[in-house]
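Given next are the chains, with one letter for each unit.
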Amino acid sequence: MNALSKTEVRAELDGKSGPQFWRSLDELADRPEFREFLEREFPAGASEWPNDQLSRRHFLGLLGATLALAGVTGCTRAPADKIVPYVKQPENVVPGQPLYYATAMPLHGRGRGILVKTEMGRPIKIEGNPAHPDSLGATDAITQAAVLSLWDPDRSLAPYLHNRISSWPAFQAELLAVLQKMDADGGASTRILAEPDLSPTLARQRQALLAKYPRLRWHEWSPAGATASAPKPDYDLGKADLIVAIGSDFLSELPGSLRYTRQFAVRRRVLNGKANPNRLYVLESTPTLTGAMADERLPAAPDRIAAVLHSLGAMTTENLNAAEKQFAEKLRADLAQFTGSKIVIVGASEPPEVQTLAATLGARFPAAPPDQLTDLARNLQSGNVKQLFILGANPVYAAPFDLKFREAVAKATFAVHLALYRDETSACCRWHLPQAHFLETWSDILASDGTPSILQPAISPLYSGRSEHELLAMMLGDFQPDGYEIVRETWRAGAPNDDFEPLWRESTHDGVVRKLSAPAAGAALVANAPTAPRLEANQTYLLFRLDPTIGDGRWSNNGWLQELPKPLTKLTWDNAALIAPAMADRLGLTNGDVVELRCNGATVEAPIWILPGQADRCVTIHLGYGRSQAGSVGNGCGFDAYQLRHSTTPWLAVGLEIKKTGRRRELATTQHHHSMEGRDIIRVASAATFRGKPNFASASLTSKASLLPETPPLGPGRYAWGMTVDLGTCTGCNACISACQAENNIPIVGKRQVLMNREMHWIRIDRYFEGSADTPRILHMPVLCMQCEKAPCEIVCPVAATVHDDEGLNAMVYNRCVGTRFCSNNCPYKVRRFNFLEYSAPAGSAFAQRQNPNVTVRRRGVMEKCTYCLQRITAARIASDLQSRAIRDGEIVTACQQACPAEAIVFGDIQDRRSRVSQRKSEPVNYSLLDELNTKPRTTYLARVTNPA
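Rules of the game
Residues numbered from 1 in each chain as written. Predicted model: local features only at pLDDT ≥ 70, side-chain atom pairs only at ≥ 80, totals over all residues. Heavy atoms only, no water. Helix = DSSP H or I, 4+ residues; strand = E, 2+ residues; numbered from the N terminus. Buried < 20%, exposed > 50% of the residue type's maximum accessible area, 1.4 Å probe, protein only. Pairing = 2+ DSSP bridges. Axes fitted to C-alpha atoms, helices over the stretch in contact; angles between N-to-C directions. Expected span 1.5 Å × (residues − 1). 1 Å grid on protein atoms, 1.4 Å probe; cavity = no way out; pocket = protein on both sides within 12 Å on 5 of 7 lines; lining within 4 Å. Points joined across faces, edges and corners; volume = space filled by probe spheres on them. pLDDT = per-residue confidence, 0-100. Contact = heavy atoms within 4.5 Å. Parallel < 35°, antiparallel > 145°, perpendicular 65-115°, else oblique. Left-handed = near helix turned anticlockwise from the far one by under 90°. Nonpolar A, V, L, I, M, F, W, Y, C, P; charged D, E, K, R; others polar.

The next subject is the overall build of the protein chain. Along the backbone of the protein chain there are 27 helices and 38 strands. Taken over 949 residues, the protein chain has a buried fraction of 61%.

What follows is the structure, given as structure tokens:
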């Protein structure tokens, strides 16, 4: 579909009255081709292959690496292989009862506390650790999907020498000779490149190496701009009445984002009929999740951001346009009003000129990470480095193009790469060594606020991987390293009164170290910070950002994350060059047009995606795509944005040139899928409107007569399950989607099937715009099965595969479903998913180990949907029956609810007036989606209350 011109958009909006919410420019215009697209929502024919030249090789690659994660549960036939039972069953393993292990997930050098759920010794699910300050029991989408990478068959299986399979003993034999050379020159010709990591054990080993080899140089680098310096500035957003974000997506990208989201949500929630929201100003160049929550948002190019900030200090607005002037005047007044309860946050990717101006407003931000990679590349090119050890990073792929790191690595005679995959860097090194996954590893790490955690393995290494601690121990002369003892040695000195063992057990059990002291971390090599471009008026800017799902590219082979729609563009399996509608109109570009992007003396071809709310004269491209050696899932997806990234301008480049090629690329986006035909969907009002009319969201709703019988009150021992979703706190982060996928064995289908509206997620997050295409308000709305009391899906099913149980749940009997899809066509909420093809991998595959054994694996021709995590309800019922008691409020937590960092989802018994879900449903902002249809859904929404100036 061709995108609308700016003139058409304005004409369409001018002809509307009242609030208008739209998901895309095409939906706003409602043109004939868009109507045709909607009518193809239920494509006929479950048996055909799409006409897309889908090769057998590509299909089998997807099938074998996360296409469905086939299980051995449900109605599948058991494998014929003979098995041997336990002779003596382990004491702590009880079939059907999972075990949880507290550990932490390293993310950009910091640790996020998690609990790993294991079934019969198999890690199958990750939850947040409520005791950890950076997770508080929540997770994000990437954390939820990390367990999938553990079982990835594309992971490295063995050491490789010159890209030929070898062994650890062979590597150790060669390493011994290298260590003798290092002894001779004190490590002068040796370099170590590691990712930033606030690990006390790693710091101790680094100090030991530098003491043994005083001329050795240690470099740290991350394409994400992380640094292993002191923890970043900490904020308490719950106490702030005014928050100003300048190019900072603090609700999504900072190491403490989960905690910040929890704090921010507390002030945005309507409680006991009252609302006292804080006020959020966002000044940014490209839309973010933080910007979508803003009460006042201004999209602006970097030079205009600097102009707005300068005007605040100069107390003048004469050089600002109308929108900038209005924003600056409001912000100046609020900065003067909220002097003692304000927080100003500026993004680390903003240029120094903006950071300096923001500092005058009281902004806090971390210093830019030093540029250590340039120094290493120069030493490699000069031939001064003979031995190079790379721990985990992938610089051949992700390093700035001007460093020519591929050629630089080739200059080292002994280059070693420790990594999860045989990736682009491994292909250039003499040795590739398989790295153990963090769920297989003993280690330690600090949280964003400095809180330490012990990483303990939830499973023994599946392959022959070793941790970076074990490799460094080999370099220190220990050729039989034990990761467990290496980490214990770090913490043994910090135990008071020789009480190490009980404190060690307590620390590993809780996932947080409270009574053992962390050793001081030594400083790594410091180099000069990168220079910054000069901001110039009327220039076109190129902005580099981490991809919201696959990050800097390390998650490229994770199918869950590839198919997870980006929160704002809803793109899957691809990246694109994001531009503003006004800019697209000037250049004559539409979605999918391929252009040449020229900057810093380099050229890349990229498809265009028009994003409302993007600042004019700014093009944003996401890193992490265009991989050639990511694995069978990630290879060939998108374009490589690193080819335009210069070492002096890692986040912002000036003087971008755009040239049309005349070609197009088909992009898979879900933004038009499952449309509810423009009805009164999402409801929002200002705090002032709420105070005058608290029931604004449901004031127009009236009870209606129905031909279906009313649900009778349930008797003792029965429960009426229901849910609320708070639109005022939901940030659209996608954690609920990823958690639901992990919990319920939901398959991925691949890009071509997504193009045909066949993605399988049981939860979707609809993204809406309101207002002009240039400066719209952005809103998110999670949609899942409403569990209707009077479900229109049930009365049309000819085989009673979708039925109402005695507690009001709309259940699915999978082995009864014959695939008529009548229920899907009759569902007004568009929340049912149909297995058009056999998305499940063969039973007995490696990924069968990751499946949740308590959830049936669906097959081709079967309809599926959300069931409120019925397996968790059943487990709680069994536990309560054994103890002869009722199920307690809060005892059942659905997967989406458990993952949500904003606590926007609440589940429980709506028949219990004291339950939390009943209290949420009694709020005046509670309303039912499509209430006019009289389906009486058990899932309801709390309208969003904003606080504009």
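The pairing of strands in a sheet happens through backbone hydrogen bonds and is either parallel or antiparallel. On the basis of which strands lie adjacent, the open sheet formed by 3 strands has the order β2-β3-β4 and antiparallel pairing. Either end of the sheet is taken by a strand with one partner, and the two such strands are β2 (99–107) and β4 (122–128). Within this sheet the neighbouring strands show an average axis-to-axis angle of 40°, counted without direction. As defined by bridge partners, strand β3 (residues 110–119) adjoins β4 across 6 bridges and the pair is classed as antiparallel. Bridge assignment links Leu-115 to a residue of β4, and that residue is Glu-127.

When the terminal C-alpha atoms of helix α10 (residues 302–314) are compared, their 18 Å separation across 13 residues agrees well with the 18 Å that a helix rising 1.5 Å per residue should span. Pro-302, Asp-303, Ile-305, Ala-306, Ala-307, Val-308, Leu-309, Ser-311 and Leu-312 are the residues of α10 that are buried. Two residues or fewer past α10, Met-315 is found with a positive phi of approximately 60°.

The next thing to look at is the layout of surface pockets. Considered as a void within the structure, the second largest pocket measures approximately 690 Å³ in volume. Considering the residues around the second largest pocket, the lining is formed by 22 residues, among which Pro-98, Gln-871, Arg-872, Ala-875 and Ala-876 are closest to the centre. Contributing elements (two or more residues each) for the lining of the second largest pocket: β3 and α25 (870–882). Among the elements that line the lining of the second largest pocket, the one with the most residues is α25, at 8 residues.

This paragraph deals with the confidence of the model for the protein chain. Looking at the protein chain as a whole, its pLDDT mean stands at 86, while 85% of the residues score no less than 70. Counting interchain partners and residues more than four positions distant, the pLDDT-below-50 stretch residues 42–53 has 26 contacts. Taken as a whole, residues 63–83 scores under 50 in pLDDT and shows 59 contacts with residues more than four places along the chain or in a different chain.

Here α10 crosses helix α12 (residues 352–359) at 20°, and the two axes come no closer than 9 Å. With respect to each other, α10 and α12 are oriented roughly parallel. Regarding α10 and α12, the two cross each other, and that crossing is left-handed. Contacts between α10 and α12 involve Pro-302, Ile-305, Ala-306, Leu-309 and His-310 on the former and, on the latter, Glu-353, Val-354, Leu-357 and Ala-358. For the contact of α10 with α12, the per-class residue count stands at 7 nonpolar, 1 polar and 1 charged.

Take the side chain of Asn-744 next. Its location among the elements puts Asn-744 in the loop between α22 (735–743) and α23 (751–755). Beyond its immediate chain neighbours, meaning those up to four positions away, Asn-744 contacts Trp-762, Val-855, Arg-858, Cys-869 and Gln-871.

A positive phi angle, near 65°, is found at Lys-570, a position not held by glycine. Tracing the backbone through its elements, the reader meets Lys-570 in the loop between α19 (559–563) and β19 (571–572). For Lys-570, a relative accessible area of 4% puts it in the buried group. Even without being a glycine, Asn-934 presents a positive backbone phi close to 60°. Its location among the elements puts Asn-934 in the loop between β36 (926–927) and β37 (939–942).

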